[in-house]
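# Geometric and topological summary
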Amino acid sequence: MPAGASIIEAIISKDGTVKDAKILRGHPMLDASALEAVNPWTYTPTLLNGQPVDVIMTVTVNFTLQ
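This write-up is about the structure you can find in this document. None of these values were measured; they are calculated from a predicted model.

## Concerning the environment of Ala3
Tracing the chain through its elements places Ala3 in the segment before β1 (4-12). Separated by 23 residues in the primary sequence, Ala3 and Gly26 place their C-alpha atoms 11 Å from one another. Sequence-distant contacts of Ala3, defined by excluding residues within four places in its chain, comprise Leu30, Phe63, Thr64 and Leu65.

The structure is reproduced here in C-alpha cells:
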C-alpha cells in the first residue's frame, strides 16, 4: 500500500455524524480506506445561536508505511 494523504470534504450534521463525505484529493489506492476511516467518526455538534447546524469541514487522512 502506498504512503500518502487523502483530503476529504464532509458535512458534519446537526447530530455530529459525518454525511456526504467526498474525496477532494488523494491517491486512488487510498481513497476508499480514507472514506471508511472518516465515515464512522462523530463530532460535537456545532452551535449557532444555541442551535445545532450542519457544517462543512475538510479532513486530511495521512497514511504511512510501517
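## Details of the nonpolar core
Counting residues in hydrophobic clusters, the biggest one holds 10 residues: Ile8, Ala10, Ile12, Val18, Leu30, Ala34, Val38, Val59, Val61 and Phe63. The contact partners of Val18, leaving out residues within four places of it in the chain, are Ala10, Ile11, Ile12, Val38, Asn39, Trp41 and Tyr43.

## Looking at helix α1 (residues 28-38)
Where α1 is concerned, the buried positions are Leu30, Asp31, Ala34 and Val38. Down the axis of α1, the smallest arc covering the buried residues is 115°, so these residues share one side. Summarising the geometry of α1, the exposed residues directed more than 90 degrees from the buried face are Met29, Ala32 and Glu36. Tucked into the core, α1 has its buried residues touching β1, β2 (18-25) and β5 (55-63).

## A closer look at the side chain of Ser6
Assignment of secondary structure puts Ser6 in strand β1. Assessed through its relative accessible area of 0%, Ser6 is described here as buried. One polar contact links Ser6 to Asp31, side chain to side chain, over a distance of 3.1 Å. Residues contacting Ser6, with those up to four places away along its chain left out, are Ile23, Arg25, Gly26, His27, Leu30, Asp31, Ala34, Val59, Thr60, Val61 and Phe63.

Rules used in this analysis
Residues numbered from 1 in each chain as written. Predicted model: local features only at pLDDT ≥ 70, side-chain atom pairs only at ≥ 80, totals over all residues. Heavy atoms only, no water. Helix = DSSP H or I, 4+ residues; strand = E, 2+ residues; numbered from the N terminus. Contact = heavy atoms within 4.5 Å. Core = buried A, V, L, I, M, F, W, Y, C linked by side-chain atoms within 4.5 Å. Buried < 20%, exposed > 50% of the residue type's maximum accessible area, 1.4 Å probe, protein only. Arc of directions from axis to C-beta. Polar contact = N/O pair within 3.5 Å; in protein donor to acceptor, adjacent residues only side chain to side chain.

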